[in-house]
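Architecture at a glance
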Amino acid sequence: MREQIEDDVIPLFERLHPECQALFLLDPSSNHNAYAPSAKRVNSFNLKDTRLDSVNQCVILPGYYIGTDGERKIQNFYTLEIKNEGKKNERRIWYRKGLETILKERGLGKWDEYKAQGKYWKAKCGNKEPNSEYTCCPYHMLENQPDFRTQKTALEELVTKSGHLYALYPKYHCETNWIERYWSATKRIARRECDYSFKALQENLDGFLDQVSPEEATPVESDDIIIAVGAIFAHIMI
Ligand SMILES: [Zn+2]
């Protein structure tokens, strides 16, 4: 889908509608909500630093945080350990930082508080929702950091990078999707004009679709469509 949008949809839109900005509206499926491998996602990190097989696994882009001096600091999520440096058997070992290292570097966490009680601050509190300050566990605390909060999905990254707009329809409200107007008008024509055989449907489907949205004209405005759209907006307002 990424490839289709990048290679076909956006270039085609820009050719057909130069100087225009497209609004991509998608339903919130897990496919549309997928993240790029470079994305900052809290579940990409263990509590402790994790040893990697090679430098090729260092794919998550650096993040940022606001230091105690009020300055914005860049934070890399990987560390390199060099064993026997300069010698024949020199070895380079890469680690992905864990939640503990990431938060400690940001000056965050209840590590000392727990340690004083002889306990260890566990990675996850086990609750689906964090407490109001996001201090219940390292997982929720990092999730609330600005660089993690503002992480876009792969499709949103792609669309907004190209200067276009991106939004998701409300969850569980497929009736708000404009394409449903097109399908419903097509089905109305199909019911009226087909002989209820699969063969006839196969032969005529393209023609039904074209009746609703003619190639050289704007889509047909049927009363049904306008009423349906009105009803949906009334529903959203409620
Ligand atoms: Zn929590």
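To be clear, the structure that these remarks concern was listed above.
Below you will find a few notes about this structure. In this text, all values refer to a predicted model and were calculated from it rather than measured experimentally. Per chain, residue numbering runs from 1 following the sequence as it is written. Confidence filtering applies because this is a predicted model: local features only for residues at pLDDT of at least 70, side-chain atom pairs given and counted only at 80 or more, and all residues used for totals across whole chains, interfaces and linings. Side-chain metrics in this entry use all non-hydrogen atoms of the structure; hydrogen atoms and water are not considered.

Alternating positions in strand 1 (residues 23-26) separate cleanly, Phe24 and Leu26 being buried on one face and Leu23 and Leu25 remaining unburied on the opposite face. In short, DSSP must find at least two bridges between two strands for them to pair. Think of it this way: any DSSP run of H or I at least four residues long counts as a helix, any run of E at least two long counts as a strand, and we number them from the N terminus. Relative to strand 7 (residues 165-168), strand 1 runs parallel, the two being bridged by four bridges. Directly across from Leu26, in strand 7, lies its bridge partner Leu168. The buried label goes to any residue with under 20% of its type's maximum accessible area, the exposed label to any with over 50%, and the partly exposed label to all in between, with areas taken from a 1.4 Å probe on protein chains only.

Turning our eyes to something else, we now look at the coordination of the zinc ion. Protein coordination at the zinc ion comes from Cys125 (SG), Cys136 (SG), Cys137 (SG) and His140 (ND1), with a distance range of 2.0 to 2.3 Å. Distances define the donors: N, O and S atoms within 2.8 Å of the metal qualify, as do those within 3.2 Å of Na, K or Ca. Water is excluded, so some sites may look unfinished. Think of it this way: with four donors and all angles in the 85 to 135 degree range, the site is tetrahedral; with four or six donors, opposite ones beyond 155 degrees and the rest between 65 and 115, it is square planar or octahedral; otherwise it is irregular. Taken together, the four donor atoms surrounding the zinc ion define angles of 97 to 122 degrees at the centre, an arrangement classified as tetrahedral. Counting residues between consecutive donors of the zinc ion along the chain gives the motif C-x10-C-C-x2-H. Separated by 15 residues along the polypeptide, Cys125 in the loop between helix 3 (111-116) and helix 4 (138-143) and His140 in helix 4 bring together distant segments of the chain. A relative accessible area of 29% places Cys125 in the partly exposed class. Among the residues examined, His140 registers a relative accessible area of 5% and is labelled buried.

This part is about the sheet that holds strand 2 (residues 50-51). A sheet is described by the order of its strands in space; here three strands give the open sequence 2-6-5, paired in antiparallel fashion. A strand with exactly one partner marks an edge of an open sheet, and here the two such strands are strand 2 and strand 5 (78-83). Bridge analysis of strand 2 against strand 6 (residues 91-96) gives two bridges, and the strand direction is antiparallel. By the bridge assignment, Arg51 is partnered in strand 6 with Tyr95.

Under the pairing criterion, centres of Phe, Tyr and Trp rings, with the six-membered ring standing for Trp, must be within 6.5 Å; the plane angle then separates stacked pairs below 30 degrees from edge-to-face pairs above 60, leaving the rest tilted. For the coordinates displayed, the defined rule picks out six aromatic pairs. Ring geometry for Phe77 versus Phe148: centroids 5.9 Å apart, planes at 70 degrees, classification edge-to-face. One end of the pair, Phe77, is in the loop between strand 4 (72-75) and strand 5; the other, Phe148, is in helix 5 (residues 146-149), with 71 residues separating them in the sequence. The burial state of Phe77 is the same as that of Phe148; both residues are buried.

Function cannot be read off these values alone, since they describe shape.
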